[in-house]
Amino acid sequence: MQKTNFFYLLVALLFLLLSIPITDDLRGISTPVAKAVVFSVMLLIGIWSLRGSGRFFSIGLAFVVAGFVLNIGAINSHITFFQYSAILAVMGFLLVTITFTLRQVVVGTDINANRLVGAICVYLMLGVIWALAYSLVELAAPGSFGGVTAGQDAGWDSEWLYFSFVTLTTLGYGDILPLSALARALAYMEAVTGQFYVAILVAGLVSAYISDRRST
């Protein structure tokens, strides 16, 4: 399996995490279109990072194409079906990318910059996936969260990214609150996942470092 340069994927994720809030703060632009463009750029760079991965690339490409088509439908029609489907397509792509990235990050005993960057990418993608999941819950059952003003841009609003990463890192500012049972379940599952991922990752990297030192 071809080794992937995860630096490109990291750039795409950072571009996403910075551009979405900026488009929310700017006025006089078509926010839904701008956010769709941001996600499209992230998807394009993400699928390029899967090149040479065989079936992962094929499955990821299918999700990317579906995401493009459904995003266009969601922007032009505001039909709920397209909004649901577009979010699910992006989540599917991110899950495929996480699976492929973890296979390259976890396997092996060598410690290098690319492996560390891949681990960071997985952490960031977990936050994005949960942000999409929160928006999906709110879209299906309005009022599941308190303190949220996100409306028409379901799935692409910076409030979901903010709440997701605050939860993932267990900061818990309390300005946005999960109110429904499902919303609360997603929140504590994300908090647990974030803590376990960091603990397991650090333990794995330390173990790999020790093994690498012993073999030299």
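Shown above is the structure to which this text applies.
Residues numbered from 1 in each chain as written. Predicted model: local features only at pLDDT ≥ 70, side-chain atom pairs only at ≥ 80, totals over all residues. Heavy atoms only, no water.

1. Quick look at the nonpolar core
Counting residues in hydrophobic clusters, the biggest one holds 53 residues, and the most contacted among them are Met-42, Leu-94, Cys-121, Leu-132, Tyr-134 and Phe-145. Looking at this core, the elements that each hand over two or more residues are helix 1 (6-25), helix 2 (31-49), helix 3 (55-77), helix 4 (80-106), helix 5 (113-140), helix 6 (158-168) and helix 7 (181-215). If one sorts the elements of this core by residue count, helix 5 sits on top with 17 residues. Residue contacts for Phe-145: discarding those within four places in its chain leaves Tyr-134, Val-137, Glu-138, Trp-160, Phe-163, Leu-177, Pro-178, Leu-179 and Ala-183. (Core = buried A, V, L, I, M, F, W, Y, C linked by side-chain atoms within 4.5 Å. Buried < 20%, exposed > 50% of the residue type's maximum accessible area, 1.4 Å probe, protein only. Helix = DSSP H or I, 4+ residues; strand = E, 2+ residues; numbered from the N terminus. Contact = heavy atoms within 4.5 Å.)

2. Here's the deal with the packing of aromatic side chains
Summed over the entire model, instances satisfying the criterion amount to seven aromatic pairs. Centre to centre, the rings of Tyr-134 and Phe-145 are 5.4 Å apart; their planes meet at 75 degrees, and the pair counts as edge-to-face. In this pair, Tyr-134 is assigned in helix 5 and Phe-145 in strand 1 (residues 145-146), connecting sequence segments eleven residues apart. Its relative accessible area of 0% is what places Tyr-134 among the buried residues. Phe-145 sits in the buried class, given a relative accessible area of 5%. Taken together, a centroid distance of 5.7 Å and an interplanar angle of 75 degrees make the contact between Phe-145 and Phe-163 edge-to-face. (Phe/Tyr/Trp six-rings, centres within 6.5 Å; stacked < 30°, edge-to-face > 60°.)

3. Points about helix 6
With ten of eleven residues buried, helix 6 lies mostly within the body of the structure. Among the residues trailing helix 6, Thr-170 stands out with phi positive, at a value near 55 degrees.

4. Thoughts on unusual backbone geometry
Unusually for a residue other than glycine, Thr-170 sits at a positive phi of about 55 degrees. Inspection of the secondary structure assignment puts Thr-170 in the loop between helix 6 and strand 2 (177-178). Accessibility expressed as a relative area gives 43% for Thr-170, which makes it partly exposed.

Distances and angles like these do not, on their own, reveal function.
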